Amino acid sequence: MQDRKSNACKINNTDITIDYNFEDFWKAYPKKVSKVQAMKSWKKLKINDDVFKKIIKAIDDQKLFYRDKQFVPNPSTWLNNRRWEDEVIEKQQATLGWK
């Protein structure tokens, strides 16, 4: 995790804001599809540092419960449904991991 939260700049007269917490989420999340949609979902949530930590922990915990990435929700779906708040079975009970 990085201490920087965001950085704004202009590229071709377009305001660009880099959200480093989103980039850390993107790196941690195993299914890399629809990044723009995921970023829109992220911005709508207005995630603070405590929630960010819960999100990263939930990603790590939930990785144990999917046999195949085809069953992993798209990142925007995961965010929109606040899946980091889902109950997770104890890690010791999990016998499956992501391929």
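Check the entry above for the structure.
Our focus in this paragraph is unusual backbone geometry. In this structure, S34 is a non-glycine residue whose phi angle is positive, near 55 degrees. Residue classification places S34 among the partly exposed residues on the basis of a relative accessible area of 41%. The phi dihedral of R82 falls on the positive side, at around 50 degrees, and the residue is not glycine. Secondary-structure assignment places R82 in the segment after α4 (75-80).

Our focus in this paragraph is the nonpolar core. The tendency in soluble globular proteins is for nonpolar side chains to be buried side by side. Counting 18 residues, the largest nonpolar core has F25, W42, I55, I59 and W78 as the members making the most contacts within it. Only α1 (20-28), α2 (35-45), α3 (49-62) and α4 provide two or more residues apiece to this core. With five residues, α3 is the largest single contributor of residues to this core. Setting aside chain neighbours within four positions, we find I59 in contact with F25, A28, Y29, P30 and W78.

This brings us to the pattern of salt bridges. Applying the stated rule across the entire model yields five salt bridges. Note that E85 and R82 form a salt bridge whose closest N and O atoms lie 2.7 Å from each other. Looking at E85, the relative accessible area reads 49%, which means it is partly exposed.

Another point: α1. Among the nine residues of α1, seven are classified as buried, and the element is accordingly described as predominantly covered. Here α1 has its buried residues at Y20, N21, F22, D24, F25, W26 and A28.

About the criteria used
Counting starts from 1 at the beginning of each chain's written sequence and moves along it residue by residue. Given that this is a predicted model, residues contribute local features only at a pLDDT of at least 70 and side-chain atom pairs are listed and counted only at 80 or more, while totals for whole chains, interfaces and linings are drawn from all residues. Side-chain measures here rest on the full set of heavy atoms in the structure, leaving out hydrogens and waters. In this scheme, a residue with accessible area under 20% of its type's maximum is buried, one over 50% is exposed, and one in between is partly exposed, where area comes from a 1.4 Å probe on protein chains only. Here a strand is any run of E in DSSP of at least two residues, a helix any run of H or I of at least four, and the numbering for each starts at the N terminus. Grouping buried Ala, Val, Leu, Ile, Met, Phe, Trp, Tyr and Cys residues that are joined through side-chain atoms within 4.5 Å yields what is termed a nonpolar core. The criterion used for residue contact is that any of the two residues' heavy atoms lie within 4.5 Å. Definition used for salt bridges: Asp or Glu carboxyl oxygen within 4 Å of a side-chain nitrogen of Lys or Arg.

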